[in-house]
Amino acid sequence: MASVLHLSLLLLGSLMVASAGNFHQDFDITWGDGRANILNNGQLLTLSLDKYLFGKIDMQLKLVPGNSAGTVTAYYLKSPGSTWDEIDFEFLGNLSGDPYTLHTNVFTNGKGDKEQQFHLWFDPTADFHTYSILWNPQRIVFSVDGTPIREFKNSESIGVAFPKNQPMRIYSSLWNADDWATRGGLVKTDWTHAPFTASYRNFNADACVWSNGKSSCASSSPSSPFSSSAWFSQELDSTSQERLKWVQKNYMIYNYCADAKRFPQGLPAECRTS
């Protein structure tokens, strides 16, 4: 099944163009067994594959080059419904010469507000780079080329919800979001630079596949044979923790846990733990 997603995402990278057109009018979905969907009145095309409940997901992306202001390239995990779970990589385009903003967020039961944003230490439009999500019962780790940039720990013990009960699908999309994406919507999309193209390759998922109400992993308990897989209990070692601190010191540009004005009643509980 991974090969199907690989082909689908190559199709996405080559055909999904943010333009003034309409996917209903300009595209025909000819295969994929329901994994391609046209949404938002024809303005958004998404491709998805199997549902996962925990896993290690890798994707290589090369982002829209040049003046990409107003565009958002997204790669994320999401469950259906009004009380969904979601784990986000979103890449906010910018004017030529300005850095991309890498936007991350975690939703549980339909509630997010856990944004962290970064600039990158390389040009993400010049070549492919690997963006990874590690999701296990203890933590979610966002990584770029093997370097962790964010860790969201399971803090259920202090009343913080953690996504662990709803299987999620992988989605990728590229759309026009110039009402908010670039400098809070101050910079609009310049359609004279269209088409805008993002490319995907080398998808890999080492994960528990959810099908017919059951997981391909016999159990998510510590005694499960599958729990011996490295990612299922993986945590950051001392070297990874130092790399995480380096990224957050030098490249983080927004952290909800440092935004006291946003939370006048006090920072979220997970922000107050050591």
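This text follows the structure it describes.
Being a predicted model, the structure only gives us computed values, none of them experimental. (Residues numbered from 1 in each chain as written. Predicted model: local features only at pLDDT ≥ 70, side-chain atom pairs only at ≥ 80, totals over all residues. Heavy atoms only, no water.)

Undergrad: Would you explain the state of the cysteines in this entry?
TA: Covalently bonding the sulfur atom of one cysteine to the sulfur atom of another cysteine gives a disulfide. Tallying each qualifying case throughout the model produces 2 disulfides. The partner cysteine of Cys 208 in its disulfide is Cys 217, sulfur to sulfur 2.0 Å. Handedness of the Cys 208-Cys 217 disulfide follows from its S-S torsion of about -100°: it is left-handed. By relative accessible area, Cys 208 is classed as buried at 2%. Shown here is the disulfide that connects Cys 257 with Cys 271, its sulfur atoms set 1.9 Å apart. Taking the torsion about the sulfur-sulfur bond, which here is approximately -70°, the covalent link between Cys 257 and Cys 271 counts as left-handed. A residue pair is termed long-range when its members are at least 10 positions apart, and Cys 257 in the segment after β14 (252-255) and Cys 271 in the segment after β14 qualify at 14 residues. (Disulfide = S-S within 2.5 Å. Buried < 20%, exposed > 50% of the residue type's maximum accessible area, 1.4 Å probe, protein only. Helix = DSSP H or I, 4+ residues; strand = E, 2+ residues; numbered from the N terminus.)

Undergrad: Looking at this model, I keep getting lost on unusual backbone geometry. Mind explaining?
TA: Excluding glycine, residues mostly carry a negative phi; peptide bonds, for their part, are mostly trans. Omega for the bond connecting Ala 194 with Pro 195 falls within 30 degrees of zero, at 5°, which places this linkage in the cis form. For Pro 195, the location among the structural elements is in the loop between β11 (168-176) and β12 (199-211). With a phi angle near 60°, Asp 113 is a residue other than glycine that sits in the positive phi range. We classify Asp 113 as partly exposed; its relative accessible area is 34%.

Undergrad: Is there a simple way to think about the environment of Lys 153 in this case?
TA: Looking at the element boundaries, Lys 153 is found in strand β10 (residues 147-153). Residue classification places Lys 153 among the partly exposed positions, given a relative accessible area of 43%. When the C-alpha positions of Lys 153 and Asn 136 are compared, they lie 9.7 Å apart, and in sequence the two are 17 residues distant. In contact with Lys 153, other than residues within four places in its own chain, are Gln 138, Arg 139 and Phe 162. (Contact = heavy atoms within 4.5 Å.)

Undergrad: Is there a simple way to think about the pairing of β12 in this case?
TA: Consecutive side chains of a regular strand alternate in pointing toward one face of the sheet and then the other. Across 9 bridges, the pairing between strand β3 (residues 51-62) and β12 is antiparallel. Bridge pairing in β12 links Lys 62 to Ser 199. Bridge count between β12 and strand β13 (residues 214-215): 2 bridges; the pairing is antiparallel. Within β13, the residue paired with Ser 211 across the bridge is Lys 214. Hairpin connection from β12 to β13: 2 residues lie between these consecutive antiparallel strands, with Asn 212 at a positive phi of about 55°. (Pairing = 2+ DSSP bridges.)

Undergrad: What am I meant to see in the pairing of strand β5 (residues 86-92) here?
TA: Most of β5 is tucked away, with 7 of its 7 residues classed as buried. Taking every second residue as pointing to the same face, both faces of β5 are buried, with Glu 86, Asp 88, Glu 90 and Leu 92 on one and Ile 87, Phe 89 and Phe 91 on the other. Pairing of strand β4 (residues 71-78) with β5, which is carried by 7 bridges, proceeds in the antiparallel orientation. Bridge pairing in β5 links Tyr 75 to Phe 89.

Undergrad: I keep staring at the packing of aromatic side chains and nothing clicks. Help me out?
TA: To describe a pair of aromatic rings, you give the distance between the ring centres and the angle between the ring planes. Counting across every chain of the model gives 16 aromatic pairs. Their ring planes at 10° and their centres at 5.6 Å tell us that Tyr 75 and Phe 89 sit as a pair that is stacked. With a gap of 14 residues between them, Tyr 75 in strand β4 and Phe 89 in strand β5 connect regions that are remote in the sequence. Assigned by exposure class, Tyr 75 and Phe 89 land together as buried. Consider the rings of Phe 89 and Tyr 131, whose centres lie 5.9 Å apart with planes at 70°: the pair is edge-to-face. Note that Phe 89 is positioned in strand β5 and Tyr 131 in strand β8 (residues 129-136), a separation of 42 residues in sequence. Three or more aromatic residues joined by ring pairs make a cluster, and in this case those are Tyr 75, Phe 89, Phe 91, Tyr 131 and Phe 142. (Phe/Tyr/Trp six-rings, centres within 6.5 Å; stacked < 30°, edge-to-face > 60°.)

Undergrad: Which parts of the structure should I look at to understand helix α3 (residues 238-250)?
TA: The α-helix advances 3.6 residues per turn, and as a result positions three or four apart in sequence lie on the same side. Under the 1.5 Å per step criterion, the end-to-end length of α3 is 18 Å for 13 residues, consistent within 8% with the ideal 18 Å. Three or more residues of α3 are buried, namely Ser 240, Leu 244 and Val 247. Taken end-on, α3 shows its buried residues confined to a sector of 65°, consistent with a single buried face. Of the residues in α3, the exposed ones pointing more than 90 degrees away from the buried face are Ser 238, Thr 239, Lys 245 and Lys 249. Contacts from the buried residues of α3 go to β7 (116-118), β10 and β14. Of the residues that open α3, the one with a side-chain oxygen 3.2 Å from the backbone nitrogen of Thr 239 is Asp 237. (Expected span 1.5 Å × (residues − 1). Arc of directions from axis to C-beta. Polar contact = N/O pair within 3.5 Å; in protein donor to acceptor, adjacent residues only side chain to side chain.)

Undergrad: Is there a simple way to explain the side chain of Thr 125 in this structure?
TA: Looking at the element boundaries, Thr 125 is found in the loop between β7 and β8. Accessibility expressed as a relative area gives 18% for Thr 125, which makes it buried. A distance of 2.7 Å separates polar atoms of two side chains, one belonging to Thr 125 and the other to Asp 123. Ignoring sequence-local partners within four residues, the contact set of Thr 125 consists of Lys 62, Leu 63, Val 64, Pro 65 and Tyr 100.

So far we have only geometry, and geometry alone does not tell us how the molecule works.
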